[in-house]
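Listed here are the chains, written in short residue letters.
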Amino acid sequence: MTKYRLFLDESGNHGLTEINEDFPIFLLCGVIIGEDRYEALRQSINDLKNRFWSNINVILHSRDIRKCDKEFSILFDLEIKQEFYEKINQIVVNNDYKIIATVIRKDKFIERYGRLSNDVYEICLSFIIERAIFFLDDIKGLKELEIVIEKRGKKEDKQLDEHFQRLLARGTHYVSRERLAAYNTSIVFKAKKENINGLQLADLVAYPIAQHVIAPDRPNPAFDVLKDKFYSKNNRRYGLKEFP
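If you're wondering where the values come from, they're calculated on a predicted model, not measured in any experiment. Per chain, residues are indexed from 1 in the order of the written sequence. Only residues with pLDDT of at least 70 get local features here, since the model is predicted, and only at 80 or more are side-chain atom pairs given and counted; chain-wide, interface and lining totals rely on the full set of residues. Values shown for side chains rest on all heavy atoms present in the structure; no hydrogens or waters enter the calculation.

**As for the state of the cysteines**
Convention followed: A pair of cysteine sulfur atoms is labelled a disulfide when the two atoms are within 2.5 Å.
According to the stated counting rule, one finds zero disulfides in the structure shown. Free cysteine Cys-29: the closest other cysteine sulfur is in Cys-124, separated by 11 Å.

In structure tokens:
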């Protein structure tokens, strides 16, 4: 049996009380990868860390990279920055995984459902799990699915775990509980300090996707690099769902 891991990271604030006009969305981004492919991904990211810091314990964080903050102050050197981004692009392109992401357009969501509707993180998780199951349905052999989420806080993690248990008990709109059970679907929460390279890849690809949704006509070289990694079927991009 092959285990597939779905690493999740977010971009934007999932709250509905205020909307940032410059970032009016919430995005949950998943990277799904087979266990037999994950070691190559993990090693390629560790090679990058060793190349620039001689230390695999550096945690890649999109915001810090963009701001050249903390360990990434080395990126103020433009030659290092160019090489770093070339290496990142190689990791994104050359590894075998698929992206499954969901975007909530907060203004439209509030207009339709109100500010006191269901948690948008939970809604996004349901959509992503559905598409992960569709993706696995097309792969031959026995498979199981483990969803890996970065810890956000005891209250938030407990709430999300309870939502996941409800999904297991009832299924989603398109995926029955029996189909979830057939893949032995589970969820685990990992701390940032655990240095999970799959979570770091999800973090790296989330922001360019969010920027593409916000301004699809604006030049976005980072999105251009990853756009072929979305889960697609019959020439349709199922790996990016916008709601509502």
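The rest of the description comes next.
**A short note on helix H6 (residues 154-170)**
Test applied: Secondary structure counts use DSSP, requiring at least four H or I residues in a row for a helix and at least two E residues in a row for a strand, with both numbered from the N terminus. The span one expects for a helix is its residue count, reduced by one, times 1.5 Å. Residue exposure (1.4 Å probe, protein chains only): buried if accessible area is under 20% of the type maximum, exposed if over 50%, otherwise partly exposed. What the arc measures is the spread of directions leading from the helix axis to the C-beta atoms. Note on definitions: a residue-residue contact is assigned when non-hydrogen atoms from the two residues lie within 4.5 Å.
With 17 residues, H6 extends 24 Å from end C-alpha to end C-alpha; this agrees with the ideal 24 Å at 1.5 Å per step. For H6, every residue scored as buried is listed here: Asp-157, Leu-160, His-163, Phe-164 and Leu-167. Summarising the axial view, the buried residues of H6 lie within an arc of 125°, below the 170-degree limit, and thus occupy one face. Turned more than 90 degrees off the buried face of H6, the exposed positions are Lys-154, Lys-155, Lys-158 and Arg-170. Contacts from the buried residues of H6 go to helix H5 (120-137), strand S4 (143-150), helix H7 (177-182) and strand S5 (186-190). Where H6 terminates, the next one or two residues include Gly-171, which has phi positive at roughly 80°.

**Some words on the nonpolar core**
Quick note on the threshold: We call a set of buried residues a nonpolar core when its members are Ala, Val, Leu, Ile, Met, Phe, Trp, Tyr or Cys and they connect through side-chain atoms within 4.5 Å of each other.
Within the largest apolar cluster, 42 residues are counted, with the highest numbers of intra-cluster contacts made by Leu-60, Phe-84, Ile-99 and Ile-209. Breaking this core down by element, the ones donating at least two residues are strand S2 (25-34), helix H1 (35-53), helix H3 (78-94), strand S3 (98-105), helix H8 (197-214) and helix H9 (221-226). A total of nine residues in this core trace back to one element, the largest contributor, which is H8. Leaving out residues up to four positions away in the same chain, Ile-99 has contacts with Cys-29, Gly-30, Val-205, Ile-209, Leu-226, Lys-229, Phe-230, Tyr-231 and Gly-239. Residues Leu-6, Phe-135, Phe-164 and Phe-189 belong to the second largest nonpolar core, which totals 36 residues.

**Side note on the layout of surface pockets**
We apply this condition: The distinction between a cavity and a pocket rests on a 1 Å grid over the protein atoms alone: a 1.4 Å probe fits inside a cavity but cannot get out, while a pocket stays open yet meets protein on both sides within 12 Å along at least five of seven lines, and a residue with an atom within 4 Å of a point counts as lining. Grid points are joined across faces, edges and corners, and a volume is the space filled by probe spheres set on the points. Put simply, Ala, Val, Leu, Ile, Met, Phe, Trp, Tyr, Cys and Pro go in the nonpolar bin, Asp, Glu, Lys and Arg in the charged bin, and everything else, Gly too, in the polar bin.
Volume-wise, the largest pocket comes out at about 440 Å³. Lining the largest pocket are 18 residues, with Arg-66, Tyr-85, Leu-204, Pro-208 and Ala-222 positioned closest to its centre. Taken together, the elements giving at least two residues each to the lining of the largest pocket come down to helix H2 (62-67), H3, H8 and H9. Grouping the amino acids of the lining of the largest pocket by side-chain chemistry returns 13 nonpolar, four polar and one charged.

**Quick look at the pattern of salt bridges**
Rule in force here: In what follows, salt bridge is the name for a side-chain nitrogen of Lys or Arg lying within 4 Å of a carboxyl oxygen of Asp or Glu.
Applying the stated criterion across every chain, the model contains 18 salt bridges. The partner of Glu-83 in a salt bridge is Arg-51, and the shortest N-O contact between them spans 2.9 Å. Placement of the pair is Glu-83 in helix H3 and Arg-51 in helix H1, with a sequence separation of 32 residues. With a relative accessible area of 46%, Arg-51 lands in the partly exposed category. Connected via shared salt-bridge partners are Lys-3, Arg-5, Glu-35 and Glu-146.

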